[in-house]
Amino acid sequence: MKSATESFKENARAALDDAQLQRALAGLPTGLVANRAAARARLPEFEDLRDVGRDIKDHTLAHLDLYLELYERNATAAGARVHWAATAAEAREIILRICRDAGAKLVTKGKSMISEEIGLNADLQAAGIEVVETDLGEYLVQIRGETPSHIIAPAIHLTQDQVEADFRRLHTELPKERVLSEPSQLVGEARQILREKFLAADVGITGANFLVAETGSSVIVTNEGNGDLTQSLARVHVVVASIEKVVPTREDVSTILRLLARSATGQELSTYTTFSTGPRRPEDPDGPAAYHVVILDNGRSEMLGTAFREVLRCIRCGACMNHCPVYGAIGGHAYGWVYPGPIGSVLTPSLIGVRSAADLPNASTFCGRCEEVCPMKIPLPKLMRHHREADFELGGSSRGYRIGLKLWAWLARRPRLYHVAARMAVALLGALGRRRGAFRSLPLAGGWTRHRDLPAPQGRTFQQLWAERKAGAPR
Amino acid sequence: MTGPLPSKPRVGLFVTCLVDLMRPSVGFAAVKLLEQAGCSVEVPAVQTCCGQPAYNSGDRADAAALARQTIAAFAGCDYVVAPSGSCAGMLKLHYPGLLAGDAEWSGKAKELAERVHELVSFLVDVRGMETVDAEFKGRATYHDSCSGLRELGIKGQPRRLLGSVKNLELIEMADAEVCCGFGGTFSVKYPDISNAMVEKKAANAAAAKPDLLLAGDLGCLMNMAGKLRREGRAVQVRHVVEVLAGELSDLPIAGSK
């Protein structure tokens, strides 16, 4: 996927001015955030489970080569074709070849962020293949020509009115006078449209929440059942997953599943959890004739030996973005690439380069709410700071900011001079601002005073007053 | 701490640069409370800033230099106490990592970390303070600043002491634990996003209809006070220690006569 990370500030400004988006985002605190809190409260061992989940992933990542090979062996033994893709381009080529070999005219897709990462749809469409997203949110985003704004709720930026308008615009074969005022009516209509696509599809492409090394299975969790129809009704099922999705055992899957849905939507479990092991066997009632798994690296193995290995624990629940006040203010598109929110602010610079995505790790107050809710205990603020350090080393931040910072640091390292300068500055500002108590505008403080007053200092520094008190003068 | 606690511990006050520059009355309120808690207070003159502006901008070298300066300044104190969860968190949790590769200073950073506390949690958790001798007639609400809350676990301590302030009615606003949008340099690097965050905070604070909005970090307080005043809302804003120390003679933050 092309990135728009470099125009983050403009993207954010536009998002803040977008009244429709702001209405859509306003539901987060009472929706996903409240649901997670309730689910956590219902499970006394939730916090302990986070430690267990983290340890499973840390262990797997420490032996990733071993578990990936074990997965490949077991998947192959079950009849899967396993393909390794070092880059996004390789993954696209492999999938396009599978589709061509299958003579595919129509491809259905379950929800997959990896397919977004590699820009799969555009490639398949350019090759003359019709691609239909079957997750409702993904379908909405697709018919609008947009990208997902959230990793589990791709259309969270949309309101119901927008969806109704889009359906009326696009589904012109349906009667004009139909009623679409209820969410259930919108879902019903999407179902009606998608059912024919499921039945006609030649290839079904899904992601994977897990790859299980001990059995060679892939696992998807969904709430709509669309993933199951995608993968079992088409002749060919293609799974596309990144290397860190592997876990050693089914037991590990079940442990992490206890965290995943609770963190994501506040459900105990998602509605459907589906294990796929190989293609259809003679005794199976249904399933695809061929089953391919495309395993993508795309820069992740480079992260293994670094501090950023920890981010590979991510299970893509979206809790970090649900709880992020920055995400809550600007939504997902402003981040400019596949993964928004705190996880994106760590992952994106690692995958596409810190210089082109420098705003992402910088645009955080380090409030720590993301780390607090992350089921895998990823230290997201710490990792964002590492990106800031790399960016600073490479000359990031504006010239004015860097000069200001260096001047301030130079002064702060000379306490005597610093305190003299502080006294003078505070005396001046105090004299100017004392009567009104605050400044409505001030040179060099425009970023602050555009939106809020700057409280005036009291006029003397603490160090100055303390020295006087020590010397016996009255305060 | 290992060994017996001194009966009258020597507490080094880490003033914080914002209190030093903007609101020295918070520093004096802190001194008063520490003395009430049986401490003798010292204020090393060679302290300036904890280094967060550099640290959070990715400038490790300057941050490390300021960390070494701060560690040296407080070498002789039994405790180092700051009227800020953010700065205390920096000294306590981030200095050791920042200086981890520095053979001379890494041990000193760890040693300092053991002695560092945020003021209100120090009073309650270390000094066993249960009540304060103060009065405020009206409704007050408390904003949980992020570093204090999530790095240092400060949540109940300020509420507990506020509960003992005569005639003060403590009320909770919605989303008290959500960031106010200050974030140090964030507020000037990303002013529009910061503004959207403080707008929500100001709305939540005002909706609780308090007379007084309190918090333990001056950065957050200046942000919230500046926004409330710009919006013309009649909520006074003060650092929590001003109320706990009964030091209300100075104007509120961004308040005018």
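Residues numbered from 1 in each chain as written. Chains lettered and ligands numbered in written order. Predicted model: local features only at pLDDT ≥ 70, side-chain atom pairs only at ≥ 80, totals over all residues. Heavy atoms only, no water.

Draft legend 1. Structural detail: the overall build of chain A. Scanning chain A from N- to C-terminus turns up 24 helices and 12 strands. In chain A, which comprises 475 residues, the share counted as buried stands at 57%. In chain A, once contacts between residues fewer than 6 apart in sequence are set aside, the share between residues at least 24 apart is 71%. Approximately 20100 Å² of chain A is accessible, and the part contributed by carbon and sulfur atoms is 54%. Within chain A, one finds 60 positive and 54 negative side-chain charges whose respective centroids are separated by 11 Å. (Helix = DSSP H or I, 4+ residues; strand = E, 2+ residues; numbered from the N terminus. Buried < 20%, exposed > 50% of the residue type's maximum accessible area, 1.4 Å probe, protein only. Contact = heavy atoms within 4.5 Å. Areas by Shrake-Rupley, 256 points an atom, 1.4 Å probe, with all protein chains shown as cover. Lys, Arg positive; Asp, Glu negative; His and termini not counted. Charge placed at Lys NZ, Arg CZ, Asp CG, Glu CD.)

Draft legend 2. Geometry of the packing of helix α4 (residues 60-73) of chain B against helix α5 (residues 85-98) of chain B. All names here are of chain B. For the pair α4 and α5, interaxial distance at closest approach is 10 Å and the crossing angle is 120 degrees. Accordingly, the angle class assigned to the pair α4 and α5 is oblique. Crossing of α4 against α5: the hand is left-handed. Every residue of α5 that contacts α4 at Arg-60, Ala-63, Ala-64, Leu-66, Ala-67, Thr-70 and Ile-71 is listed here: Leu-91, Tyr-95, Gly-97 and Leu-98. The residue makeup of the contact of α4 with α5, split by class, is eight nonpolar, two polar and one charged. (Axes fitted to C-alpha atoms, helices over the stretch in contact; angles between N-to-C directions. Parallel < 35°, antiparallel > 145°, perpendicular 65-115°, else oblique. Left-handed = near helix turned anticlockwise from the far one by under 90°. Nonpolar A, V, L, I, M, F, W, Y, C, P; charged D, E, K, R; others polar.)

Draft legend 3. Region of the structure containing the confidence of the model for chain B. Confidence in the prediction for chain B averages 96 pLDDT; 97% of positions are at 70 or higher. Predicted complex, confidence summary: ipTM 0.96, pTM 0.96. (pLDDT = per-residue confidence, 0-100.)

Draft legend 4. Here's a closer look at the domain arrangement of chain A. Along its sequence, chain A is carved into domain 1 (43-296) and domain 2 (400-472). A C-alpha centroid distance of 55 Å is found between domain 1 of chain A and domain 2 of chain A. (Domains from an automatic or database assignment.)

Draft legend 5. Fine view of the interface of chain A and chain B. If you look at the interface, chain A gives 64 residues, while chain B gives 70 residues. Taking both partners together, chain A and chain B bury about 5900 Å²; carbon and sulfur atoms supply 58% of that area. Contact with chain B buries area across many residues of chain A, yet Arg452(A), Gln458(A) and Phe462(A) alone supply 13% of it, more than any other trio. Put simply, chain A and chain B have 10 salt bridges between them. (Buried area = accessible area lost by both parts, 1.4 Å probe. Salt bridge = Lys/Arg side-chain N within 4 Å of Asp/Glu carboxyl O.)

Draft legend 6. Seen up close, the environment of Ala34(A). You can see Ala34(A) is positioned in helix α3 (residues 29-42). The sequence separation of Ala34(A) and Leu304(A) amounts to 270 residues, and the corresponding C-alpha distance is 34 Å.

Draft legend 7. Structural context of the pattern of salt bridges. For the structure on display, the rule yields 52 salt bridges over all chains. One salt bridge in this structure joins Lys406(A) and Asp62(B), with 2.7 Å as the shortest N-O distance. With Lys406(A) in helix α21 (residues 399-412) and Asp62(B) in helix α4, the pair connects residues from two separate chains. The buried category is assigned to Asp62(B), whose relative accessible area is 5%. Note that Arg159(B) and Asp144(B) form a salt bridge whose closest N and O atoms lie 2.8 Å from each other.

Draft legend 8. Quick look at the sheet that holds strand β7 (residues 212-215) of chain B. Residue and element names in this part refer to chain B. Read across the sheet, four strands follow the order β6-β5-β7-β8 without closing on themselves; strand pairing throughout is parallel. Two strands lie at the open edges of the sheet, namely β6 (166-171) and β8 (236-239), each paired on one side alone. Taken over all neighbouring pairs, the strand axes of this sheet differ in orientation by 35 degrees on average, direction set aside. Pairing analysis gives five bridges linking strand β5 (residues 135-142) to β6, with the strands arranged parallel. Paired with Ala-140 across the strands is Leu-170, a residue of β6. (Pairing = 2+ DSSP bridges.)

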